[in-house]
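The residues making up each chain are set out below.
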Amino acid sequence: MDEVWVLLQGIILGFAIAAPVGPIGLLCIRRTLQHGPLMGFFTGFGAAVADTFYGAIAAFGVSAALSFLRGHEIAFQLVGGIFLLVVAVRTFRQHPDADEREAAAAPDSKSWFTGFMTGLSLTLTNPATIMAFIAIFAGFGLGGTLDRLEASTLVLGVFIGSSLWWMTLAMGVAAVRHRISDRGLTMLNHCTGVALGLFGLWALGMAATGIVGMATA
């Protein structure tokens, strides 16, 4: 029964970490509307894999990995910020008819893989993800106190919970797809592009603050 409780905790944690609307959530919504629920889900699934990776670091209390992430936080912010700006510009300029041509020209497997890699890359380069896991794990009294079986069970729960959120989001958005016109999709591209750009600028701003702080220390 202890393992079942740990699994449930992991599912709740994974769902809670994934649920806030951020860059991946916006991309999942957009790609579900324009390419279908599988494309949206695989974009989120990449984030779920990254969440699981960081969850494992926090659950097993891997001090060397934690030290590396903390020591290279500025680099992660720079890479993530630039990546977000590139995706933002491409998203803002994209039109529904161009999306349809792109989807028709590329095999589904390639499209799904592209979505997966985007979600994975953006989440892995977001230092806030691992910091959120560390904070939540500490708040729940989890992490280094777990044995190997419990830590593995918790990580499995994080994977299930995060994946469940992305599946729910993709299916929910797909259910209302037919109510949205091409003009609405164009507006969605513009709004998503602006939001992603703001996330990117915020990450770069944090990196610049860190660099200035190091220079003046």
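Please refer to the structure higher up on the page.
*Asks:* Would you take a moment to explain the overall build of the protein for this structure?
*Replies:* Per the secondary structure count, the protein includes 10 helices and zero strands. When its helices and strands are written in sequence order, the protein yields α-α-α-α-α-α-α-α-α-α. By the burial criterion, 42% of the 217 residues in the protein qualify as buried. Residue pairs in contact within the protein that sit at least 24 positions apart in sequence constitute 90% of those at least 6 positions apart.

*Asks:* Would you explain the environment of T192 in this entry?
*Replies:* Mapped onto the secondary structure, T192 falls in helix α10 (residues 182-216). Given the relative accessible area of 3%, T192 is considered buried. As a C-alpha pair, T192 and V89 span 103 residues in sequence and 9.8 Å in three-dimensional space. Contact partners of T192, with chain neighbours within four places excluded, come to L26, R30 and T91.

*Asks:* Would you mind showing me how to read the packing of aromatic side chains here?
*Replies:* Any aromatic ring pair is given by two values, namely how distant the centres are and how the planes are angled relative to each other. Scanning all chains against the criterion turns up nine aromatic pairs. Three or more aromatic residues link up through ring pairs in this structure, and these residues are F41, F42, F45, W112, F116 and F159.

Criteria and thresholds
- Residues numbered from 1 in each chain as written.
- Predicted model: local features only at pLDDT ≥ 70, side-chain atom pairs only at ≥ 80, totals over all residues.
- Heavy atoms only, no water.
- Helix = DSSP H or I, 4+ residues; strand = E, 2+ residues; numbered from the N terminus.
- Buried < 20%, exposed > 50% of the residue type's maximum accessible area, 1.4 Å probe, protein only.
- Contact = heavy atoms within 4.5 Å.
- Phe/Tyr/Trp six-rings, centres within 6.5 Å; stacked < 30°, edge-to-face > 60°.

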